[in-house]
Structures are given as structure tokens and as C-alpha cells.
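Coordinate analysis (summary)
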Amino acid sequence: MCKNKNKDLRSTWIWQGIKPVKLGICVLEGPYQHEASDTAYNFAVAALEKGHEIFRVFFYHDGVNNATRLMVPPQDDRHIQKRWSELAEQHNLDLVVCVAAAQRRGILDEEEMKRHGKDANNIAPGFRISGLGQLIEAEIQCDRVVFFGD
Amino acid sequence: MSDVKKFLYVNRKAPHGTIYALESLEVVLIGAAFEQDVALAFLDDGVYQLVKGWDTSELGVKNFQPAYTALGDYDIQKVYVERESLEERGLSEDDLIEMTYEDEDDDWAEKSSIRIVSREEMAQIMRDSDVILSF
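This next bit is on the overall build of chain A. The helix and strand tally for chain A stands at six helices and five strands. Traced from its N-terminal end to its C-terminal end, chain A shows the element sequence α-β-α-β-α-β-α-α-β-α-β. Counting the 150 residues in chain A, one finds 39% classified as buried. The long-range fraction of contacts in chain A, counting pairs at least 24 apart against all pairs at least 6 apart in sequence, stands at 75%.

So this is what it looks like as C-alpha cells:
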């Protein structure tokens with residue numbers, strides 16, 4: 001029944017969970033200032049509940065700021081980084097932070113910290129730093145990559 | 001990865017004021033290595049990215065406009081610019097930088113990559129694309 005090439009219909013099938021698809025997610029905005037990361041997270045949770053595969057979540061632009069483990073939001077608010085880290089652990093998700101965007105904004109893992117002679121790193125559990133090629137690869141491999149931006 | 005998809009990079013934002021344009025360009029340059037069918041679209045304030053004569057000296061940021069003219073070297077041959085977006089901003093094709101590619105099928109003749117298209121045509125171009133990266 002999915003032979004129809006009509007993309008609108010195909011997206012309807014995605015929403016109805018009729019045919020499991022391979023999804024990519026791209027988060028373009030940082031935490032709290034914009035809702036993009038929240039919406040992307042909710043989308044990821046809903047997609048996983050419906051049985052879809054999430055091939056990769058790619059963080060770009062200010063989206064890389066979702067990956068700092070140093071954020072300390074008020075206790076009665078959601079913890080955006082922890083939420084992503086926990087979802088990654090539960091579902092073995094691949095959370096990838098763009099290295100070029102991360103370097104500009106001071107998001108470092110241990111390797112990057114050493115490479116640039118910095119005295120600290122801040123990458124959160126479940127996230128890894130890699131190149132933009134990971135986004136292009138997701139576009140090639142996935143049925144659809146959904147962008148969450150401003 | 002043998003399957004080739006039709007990629008469309010959609011640029012909607014002004015070149016300065018935010019980093020979207022610069023970081024979009026970085027994706028295009030990296031993506032060029034993956035040998036996909038690549039096209040670029042410029043609409044809304046994104047058309048300002050192609051307006052010639054940038055001077056960023058007083059902004060204190062790098063002038064990355066030369067990178068657009070180099071896209072032909074990355075085998076990017078299709079640059080769609082929306083006519084309505086130009087007109088709404090008092091711009092025409094004459095205000096845009098030159099973007100060219102060498103046509104392999106025509107004895108490597110240098111040709112313009114820029115194609116001015118209507119909003120309706122742009123919608124069709126988006127429909128015909130497998131992958132849309134919107135920045």
C-alpha cells in the first residue's frame with residue numbers, strides 16, 4: 001500500500017505509524033531560548049513509541065549547545081540535556097554534535113580539549129562530536145530527516 | 001553508498017546578523033564530497049546572500065561571499081533564486097554575483113548556475129527533491 005510516491009500521503013502514514021521508517025533528526029537551535037530542541041525531543045519520543053527507527057540525531061548551529069553537561073536549569077524545569085542523554089541510553093540513539101559548530105561555541109569532548117589545549121571539556125553522556133558528513137550520511141540513509149529550527 | 005539522492009539546500013536568511021548562511025554553506029561544501037545531485041535555493045531574505053558587493057569590514061566578520069562563486073568548482077550547477085523574493089526586495093538578477101560551472105557535456109563551456117524561478121516553480125523544485133536541508 002506504500003507504493004504511492006505521493007510524499008504527503010507517505011507522511012500521513014508516518015504519523016499513523018502504519019509503516020516503520022528510518023528517521024533522522026536535525027536540531028538547529030540551542031536549549032531553552034527556542035522550543036526547537038523540545039519539539040525535536042517530543043518528536044523522537046513519539047516516533048520511537050510508534051516503532052520507527054531513529055538513525056541519528058544531529059546537532060548543528062546553536063543546537064550543539066544542547067550537548068553541554070554543565071547546564072543547570074531550575075529543578076522544577078525540564079533538563080534538556082539529561083533528557084536527550086537518557087533517551088539515547090534507553091534507545092541506543094546516536095547523538096552527533098557537529099565539530100565545526102561545536103568548536104565555535106565551546107562544546108568540547110576530551111579529545112578536542114586536548115587537541116586545542118583547553119583546561120576542560122563539557123560534552124554530555126550519550127553525545128559524540130563528529131563532522132557534517134554524518135548529517136549528509138543520514139540524509140542518504142534515512143527515509144526522511146526532519147529539521148527542527150527557528 | 002551508491003544511491004544518489006536529489007539534495008536541495010534552502011537558504012532563507014540574510015547573510016549577516018546570524019550565522020545560518022555561513023554554516024549552511026559549510027554543509028554544502030562538505031556535502032559536495034558525497035557525490036549526490038545537489039541544488040541550492042535562495043528565497044526570502046536568503047537572496048541577500050547572493051547580492052554582489054558585500055563589505056563586511058565594519059562588521060568585523062569574515063567576508064565569505066567568495067565561497068559562493070567557488071561552488072562551481074564543487075560541481076554545483078543548479079542555483080535557484082526565487083523571482084518574487086528578489087522583486088519584493090527591489091532586486092533583480094543584475095544585482096546578483098556571478099556563479100558559473102563548467103558544462104562537461106558541452107566541451108566544458110562556462111555557464112551560469114543561477115536560474116531565476118517563480119515561487120510556483122520553486123514549490124515544484126522542492127516537491128521534486130528527495131532531501132531538503134533548510135537553513
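Here the narrative resumes, following the displayed structure.
Time to look at the sheet that holds strand β3 (residues 95-98) of chain A. All names here are of chain A. Taken in spatial order, the five strands line up as β4-β3-β2-β1-β5 in an open sheet, and their pairing is parallel. Only two strands of the sheet have a single partner each, and these edge strands are β4 (127-130) and β5 (144-148). Averaged over neighbouring strand pairs, the angle between their axes works out to 25° when direction is ignored. In the sheet, strand β1 (residues 22-27) pairs with β5 via five bridges, with the strands oriented parallel. Considered in β5, the bridge of G24 is made with V145. With respect to the sheet, helix α2 (residues 36-49) is in contact with β1, β2 (53-59) and β5, its orientation differing from that of β1 by roughly 165°.

Residues with a pLDDT of 70 or more make up 88% of chain A, whose mean pLDDT is 92. Taken as a whole, residues 1-6 of chain A scores under 50 in pLDDT and shows three contacts with residues more than four places along the chain or in a different chain.

All names here are of chain B. Sheet architecture is open: five strands sit in the order β6-β3-β2-β1-β7, paired in parallel fashion. Both outer strands of the open sheet, β6 (114-117) and β7 (131-134), are each paired with one neighbouring strand and no more. Going from strand to strand, the sheet's axes swing by 25° on average, the running direction of each strand aside. Bridging between strand β2 (residues 37-42) and strand β3 (residues 78-82) involves four bridges; their strand directions are parallel. For L40, the partnering residue across the bridge sits in β3 and is V79. Helix α1 (residues 20-31) rests against β1 (6-11), β2 and β7 of the sheet, and its axis sits at about 165° to β1.

Here we come to the packing of α2 of chain A against helix α3 (residues 80-91) of chain A. All names here are of chain A. It is the contact of α2 with α3, at a shortest axis distance of 11 Å, that shows an interaxial angle of 20°. Relative to α3, α2 is oriented roughly parallel. As α2 packs across α3, the resulting crossing turns out to be left-handed. Every residue of α3 that contacts α2 at S37, Y41, A44, V45 and L48 is listed here: I80, R83, W84, L87 and H91. Class assignment for the residues of the contact of α2 with α3 results in seven nonpolar, two polar and one charged.

It is worth spelling out the pairing of β4 of chain A at this point. Residues in a regular strand point their side chains to alternate faces of the sheet. All names here are of chain A. In β4, alternate side chains face the same way, and those of F127 and I129 are buried while those of R128 and S130 on the opposite face are not. Direction of pairing for β3 relative to β4: parallel, over a ladder of four bridges. Looking at β4, one finds that V97 is bridged to I129.

To continue, consider the pairing of β3 of chain A. Residues and elements named next belong to chain A. The alternating pattern of β3 places L95 and V97 and V96 and C98 on opposite faces, both of which are buried. Here β2 pairs with β3 via three bridges, running parallel. By the bridge assignment for β3, F59 is matched with V97. With respect to chirality, the unit in which β2 leads through α3 into the neighbouring parallel β3 is right-handed.

Our focus in this paragraph is the interface of chain A and chain B. Every contact between the two is made by 13 residues of chain A and, on the other side, 14 residues of chain B. Taken together, the elements giving at least two residues each to the side of chain A that touches chain B come down to α4 (99-105), α6 (133-141) and β5 of chain A. In terms of residue count, the dominant contributor to the side of chain A that touches chain B is α6 of chain A (five residues). Of the residues that constitute the side of chain A that touches chain B, the class distribution is nine nonpolar, three polar and one charged.

Turning next to the environment of T68 of chain A. Residue and element names in this part refer to chain A. Within the secondary structure layout, T68 lies in the loop between β2 and α3. Judged by the 21 C-beta atoms lying within 10 Å of it, T68 is buried. For T68 and L48, which are 20 residues apart along the polypeptide, the C-alpha to C-alpha distance reads 24 Å.

Residue and element names in this part refer to chain B. If you trace the backbone, A67 turns up in helix α2 (residues 66-69). Taking the number of C-beta atoms within 10 Å as the measure of exposure, A67 has 15 and is therefore partly exposed. Between the C-alpha atom of A67 and that of L22, which follows or precedes it by 45 residues, the distance is 9.6 Å.

For α6 of chain A, a buried count of seven out of nine residues is recorded, marking the element as mostly surrounded by other parts of the structure. Buried within α6 of chain A are the following residues: Q134, L135, I136, E137, A138, E139 and I140 of chain A.

About the thresholds
- Residues numbered from 1 in each chain as written.
- Chains lettered and ligands numbered in written order.
- Predicted model: local features only at pLDDT ≥ 70, side-chain atom pairs only at ≥ 80, totals over all residues.
- Helix = DSSP H or I, 4+ residues; strand = E, 2+ residues; numbered from the N terminus.
- Buried ≥ 20, exposed ≤ 12 C-beta atoms within 10 Å, placed from the backbone.
- Contact = placed C-beta atoms within 7 Å.
- Pairing = 2+ DSSP bridges.
- Axes fitted to C-alpha atoms, helices over the stretch in contact; angles between N-to-C directions.
- pLDDT = per-residue confidence, 0-100.
- Parallel < 35°, antiparallel > 145°, perpendicular 65-115°, else oblique.
- Left-handed = near helix turned anticlockwise from the far one by under 90°.
- Nonpolar A, V, L, I, M, F, W, Y, C, P; charged D, E, K, R; others polar.
- Right-handed = clockwise from strand over helix to strand, strands pointing away.

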